[in-house]
Amino acid sequence: MADLSTDFVGIKSPNPFWLASAPPTDKEYNVRRAFEAGWGGVVWKTLGLDPNIVNVNGPRYGAIWGADRRLLGLNNIELITDRPLEVNLREIKSVKRDYPDRAMVVSLMVPCEEDAWKFILPLVEETGADGIELNFGCPHGMSERGMGSAVGQVPEYIEMVARWCKQNTRMPVIVKLTPNITDIRYPARAAKAGGADAVSLINTVSSITSVDLDRMSPEPMIDGKGSHGGYCGPAVKPIALNMVAEIARDVETAGMPISGIGGVTTWRDAAEFLALGAGNVQVCTAAMTYGFKVVQEMITGLSEWMDEKGYESVADVTGRAVPNVTDWQYLNLNYVAKAKIDQEACIKCGRCYAACEDTSHQAISMSPDRVFEVIDEECVACNLCVNVCPVEGCITMEPLAAGEVDPRTGEVVDPNYANWTTHPNNPGAVKAAE
Amino acid sequence: MSNTPLTPGVVAGRLGPEDYDKNFADAYPPLDPHEALVAADRCYFCHDAPCIAACPTEIDIPLFIRQIQTGMPKAAGKTIFEQNILGGMCARVCPTETLCEGACVREAAEGKPVKIGHLQRYATDTVMGIGSHPFARAPSTGLVVAVVGAGPSGLACAHRLAMYGHDVVVMDAREKPGGLNEYGIATYKTPDGFAQAEVDWLLGIGGITIKTGVRLGRELALAELREDFDAVFLAIGLAGVNALRAEGEAHDHVHDAVDFIAELRQSPDRRQIAVGRRVVVIGGGMTAVDAAVQAKLLGAEHVTMVYRRDRSRMSASQHEQLHAVSKGVQIITDATPLRVLGDGAVSGVEFAYTSEGADGLETIGAPFVVPADQVFKAIGQKLEAAPGGLEIDGSKIAVTGSGRTSLTGVWAGGDCAVGGDDLTVTAVAEGRDAAEDIHAELMAASRVAAE
Ligand SMILES: Cc1cc2nc3c(=O)[nH]c(=O)nc-3n(C[C@H](O)[C@H](O)[C@H](O)COP(=O)(O)OP(=O)(O)OC[C@H]3O[C@@H](n4cnc5c(N)ncnc54)[C@H](O)[C@@H]3O)c2cc1C
Ligand SMILES: Cc1cc2nc3c(=O)[nH]c(=O)nc-3n(C[C@H](O)[C@H](O)[C@H](O)COP(=O)(O)O)c2cc1C
Ligand code: SF4
């Protein structure tokens, strides 16, 4: 049986599934139930200084749905905890005492002044918590007050605050990054420079989920008006995966522990984050959608998959796919594939035809009796037909063997790797030594 | 009172009042909005979709389903009505498993087609629920067309002509318009007076006058209609029934299934309708199924449907057959009636088993008797009182193209004309297409006249 236990910057937990700092971790009652359900750890809902902030008293969430009202994306305008600091600290202490084997990380957001951090860090330490996470990510409400993503968008601030924390506490420091930035490597490098032990990402993506077309207001609507919020859930996973991978393969930050967050909904999502360099994952929306019990599917699924693949520990999986993440210019231009339609599996819906004929390369033919076939002379292997086909596995991409002629170009497939950097059409191509 | 399914003979009131309500309620209740979204979501929006080709009225099914998906059931309804103004009835009565849903690629893929019929009902109910009519008439052309027969074919033709600005007079021999929508279709497929509500809604286009109780061949003559109107469309259905041609057909309690069904449809109180304890229905089509099922729903103890050929030849679809069996109807195939037994009242029917021989059906083995105190004949309807002068092809009015008969200025469509399956939806398609042709012809003629 695969060993799911993890040691993330010295913080031990029985499995790599933590609840992200959010409503599920906002109070003792929730966190106890989460631990009973099997979650490996929690990042407590972000604490701030008193007086405690207030939330709106109307809807906080907007959503995007897929088939059968499956929730695909959630957007929120909630702020950090709206309960007094002292109450949260007392509860953290009580839960940690009863669940010593679970990870208890406390998320913090206080003003960018060293005194504020000096004030709060000892209080958190006193609860017996295992670590802190600096919330530099929240894109709404707090950022207007110079906190949250307002800090996360300025690498110098990140470095400065991380350093203050490292200087003022023995607890490991995780810096939570905002995706609302053009290049995620800069804040990650700053966190590292400030001495942070790890980064976690992503926090929510600035968004408006929908507009009420009767009231002409963004949703969620508060008394006729709406504000941008933070987007999370399955819809943001691709954004998060890319950002995790960028940090994992950046020479300056390579090897720095990463806690992967953003749209983790199943064991498979978690495995993908791990493969791209995460040491564990954090989950918010999936728990908010389905309840704490989802972790049981994640634990059993990950464990079974690891057994099948022969991975013994989570650390075995971490970063496995990172060497295969590269830049476009290094992709092999001598690799040639063609789409192939399995006529047995085809249900003749014609979607591949409409997609290719109308919007791509006119590389699929349609006969009067609805037989759809790929025209190799036209197919550029773009994969669109595969993506729009409703039958999984019906259309596949078949590579041509070296030496075969590509009917589209009439050229023989070269067995050697060659990329854009040396391509004749590239004005900046590096000439091979003469 | 207190009759039960076991009471001998032919009696009314075999069931409790609530049983009648339950048995004759909507057999396939409508989808609620969420169910509709889930069902709509399964549509793949196929290219050149096979379901469209399989619908005799060629409704743009993927488009209307996508309109439901995007929260626009009214637009969906309009997409349907543009092709098929009786889309509401069709959604309830079409044998979808052999039409649109039979062609659905998800039927091929997983045996579970998109619920096109249900979705069509959802969209059309939404539009009809609004009350106002979704189409507007073109300016009046001053031309007047006679439509004989107010069934689905006649109504579809009349609506399309009215939309183009022609005035239309629809004449029907019966007391109410609707044709078999009103007098034939099984009660549980179209409860709550839907057929009349649909006619009223359809007339909302304006320009259509309905005259009932007037029969071609009695009050009306084709020659006069041709004189008085700019064009004539005949949609008189199949008003006659085939005879059994078996001894004893005249015994009491031997009826035509279509009469029994019409009586049931028109009855204000189903408790008053007498039904046998043991019922035999002879035939293998939709009419036979409807008579058998409804006899069962009225409380008959034993209902046996007997068809002379094998199951694959029955014109009732497999879905209909299963429906009958699920209601407790016994189906016997490959047996032909020899004699109706009885002494005054019927007591049973003697059948012989059949096999398909070189010269058609042959009887084989010893005859057997199915006891019965009521017998319904459902062996097919036929054209009756076709006006003289019209060319007949086989047993129906000969037509070419979009319903042109051998007489100029006279079109025909629906069950009375050759071609098409005898279905509501084909009747609608033929009525609509004839209207398009009539319109084109009348416009061309008036252009010539103007020059
Ligand atoms: C019992 C039964 C059940 C059926 N169930 C289904 C079903 O579930 N689904 C399906 O798709 N189809 C079903 N059908 C078939 C369907 O009802 C017909 O195909 C369809 O109604 C034909 O339409 P129509 O307009 O051609 O004729 P009809 O609906 O028959 O209408 C003809 C009209 O013409 C009138 N008429 C007749 N003769 C004259 C005359 N001489 N002068 C003036 N008016 C005249 C009649 O009174 C009638 O109103 C069923 C048929 C029967 C009998
Ligand atoms: C209602 C709500 C409140 C949140 N509050 C916080 C917060 O206080 N601190 C924080 O660091 N992240 C907060 N987040 C962000 C989540 O911790 C997490 O980063 C994000 O939701 C992405 O993960 P997911 O896709 O699994 O939900 C919040 C998210 C939601 C939905
Ligand atoms: S009219 Fe009948 S066949 Fe055509 S789509 Fe509607 S239900 Fe299907």
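- Looking at an unreviewed UniProt entry, one finds chain B named NAD(P)-dependent oxidoreductase, with Meridianimarinicoccus aquatilis as its source organism.

- Identification of chain A as dihydrouracil dehydrogenase (NAD(+)) from Meridianimarinicoccus aquatilis is taken from an unreviewed UniProt entry.
- According to its UniProt record, chain A has this under Subunit (unreviewed entry): "Heterotetramer of 2 PreA and 2 PreT subunits."

## Quick notes on the domain arrangement of chain A
Here is step 1 of the chain: Looking at chain A, the domain boundaries give domain 1 (6-324) and domain 2 (330-433).
Here is step 2 of the chain: Distance from the C-alpha centre of domain 1 of chain A to the C-alpha centre of domain 2 of chain A: 40 Å.

## Examining the UniProt feature "domain: FAD/NAD(P)-binding" (unreviewed entry) in chain B
Here is step 1 of the chain: Taking the UniProt record as the reference, the feature "domain: FAD/NAD(P)-binding" (unreviewed entry) is found at residues 145-431 of chain B.
Here is step 2 of the chain: Secondary structure across residues 145-431 of chain B divides into 25% helix and 30% strand, with the first and last C-alpha atoms of the span separated by 13 Å.

## Some thoughts on the packing of helix H5 (residues 155-168) of chain A against helix H6 (residues 185-193) of chain A
All names here are of chain A.
Here is step 1 of the chain: Interhelical geometry of H5 versus H6 gives an angle of 25° and a closest axis separation of 7 Å. Judged on the interaxial angle alone, H6 and H5 are roughly parallel. Crossing geometry of H5 relative to H6 is assigned as right-handed. Of H6, the residues touching H5 (which contributes Pro155, Ile158, Glu159, Ala162 and Arg163) are Tyr186, Pro187, Ala190, Ala191 and Ala193.

## Observations regarding the side chain of Thr127 of chain A
All names here are of chain A.
Here is step 1 of the chain: Counting through the fold element by element, Thr127 comes out in the loop between helix H3 (114-125) and strand E8 (131-135).
Here is step 2 of the chain: Residue class for Thr127 comes out buried when judged on its relative accessible area of 5%.
Here is step 3 of the chain: Only 3.1 Å separates the side chain of Thr127 from the backbone nitrogen of Ala129, close enough to count as a polar contact.
Here is step 4 of the chain: The residues touching Thr127, leaving out its near neighbours within four places in the chain, are Leu89, Ile92, Lys93 and Lys96.

## Here we look at the domain arrangement of chain B
Residue and element names in this part refer to chain B.
Here is step 1 of the chain: Taken domain by domain, chain B holds domain 1 (33-130), domain 2 (144-239 + 383-450) and domain 3 (242-381).
Here is step 2 of the chain: Relative to domain 3, the C-alpha centre of domain 2 lies at a distance of 31 Å.
Here is step 3 of the chain: Counting residues at the interface gives 15 residues for domain 2 and 15 residues for domain 3.
Here is step 4 of the chain: Sorting the residues of domain 2 by area buried against domain 3 places Tyr183, Thr187 and Tyr188 first, and these three jointly supply 46% of that buried surface.

## Quick notes on the site of ligand 1
Residues and elements named next belong to chain B.
Here is step 1 of the chain: What surrounds ligand 1 is a group of 33 residues, the closest being Val93, Asp172, Lys189, Leu216 and Asp415.
Here is step 2 of the chain: Within the backbone of Val93, one N or O atom sits 2.8 Å away from a nitrogen atom of ligand 1.
Here is step 3 of the chain: Within the backbone of Asp415, a nitrogen or oxygen atom sits 2.8 Å from an oxygen atom of ligand 1.
Here is step 4 of the chain: The protein chains hide 96% of the 990 Å² of surface that ligand 1 would expose on its own.
Here is step 5 of the chain: Mapped onto the shell around ligand 1, the elements with two or more residues apiece are helix H10 (152-163), helix H14 (257-266), helix H15 (286-297) and helix H17 (424-450).
Here is step 6 of the chain: Counting residues per element, the shell around ligand 1 draws most heavily on H15, at 3 residues.
Here is step 7 of the chain: By residue class, the composition of the shell around ligand 1 is 16 nonpolar, 10 polar and 7 charged.
Here is step 8 of the chain: In this structure, the shell around ligand 1 is formed jointly by two domains, domain 2 (144-239 + 383-450) and domain 3 (242-381), each of which donates at least three residues.

## Considerations on the pattern of salt bridges
Here is step 1 of the chain: Considering all chains together, one arrives at 43 salt bridges over all chains under this definition.
Here is step 2 of the chain: Ionic pairing is found between Asp101 of chain A and Arg102 of chain A, a salt bridge with its closest N-O pair at 3.2 Å.
Here is step 3 of the chain: You can call Asp101 of chain A partly exposed: its relative accessible area is 43%.
Here is step 4 of the chain: Two residues, Lys377 of chain B and Glu249 of chain B, come together in a salt bridge whose shortest N-O distance is 2.8 Å. Here the residue Lys377 of chain B occupies a position in strand E15 (residues 374-377), and Glu249 of chain B occupies one in the loop between strand E6 (240-241) and strand E7 (254-256), the gap between them amounting to 128 residues.

Thresholds applied
Residues numbered from 1 in each chain as written. Chains lettered and ligands numbered in written order. Predicted model: local features only at pLDDT ≥ 70, side-chain atom pairs only at ≥ 80, totals over all residues. Heavy atoms only, no water. UniProt positions renumbered as here; feature names shortened; annotations may be inferred. Domains from an automatic or database assignment. Helix = DSSP H or I, 4+ residues; strand = E, 2+ residues; numbered from the N terminus. Axes fitted to C-alpha atoms, helices over the stretch in contact; angles between N-to-C directions. Parallel < 35°, antiparallel > 145°, perpendicular 65-115°, else oblique. Left-handed = near helix turned anticlockwise from the far one by under 90°. Contact = heavy atoms within 4.5 Å. Buried < 20%, exposed > 50% of the residue type's maximum accessible area, 1.4 Å probe, protein only. Polar contact = N/O pair within 3.5 Å; in protein donor to acceptor, adjacent residues only side chain to side chain. Buried area = accessible area lost by both parts, 1.4 Å probe. Near = heavy atom within 4 Å. Areas by Shrake-Rupley, 256 points an atom, 1.4 Å probe, with all protein chains shown as cover. Nonpolar A, V, L, I, M, F, W, Y, C, P; charged D, E, K, R; others polar. Salt bridge = Lys/Arg side-chain N within 4 Å of Asp/Glu carboxyl O.

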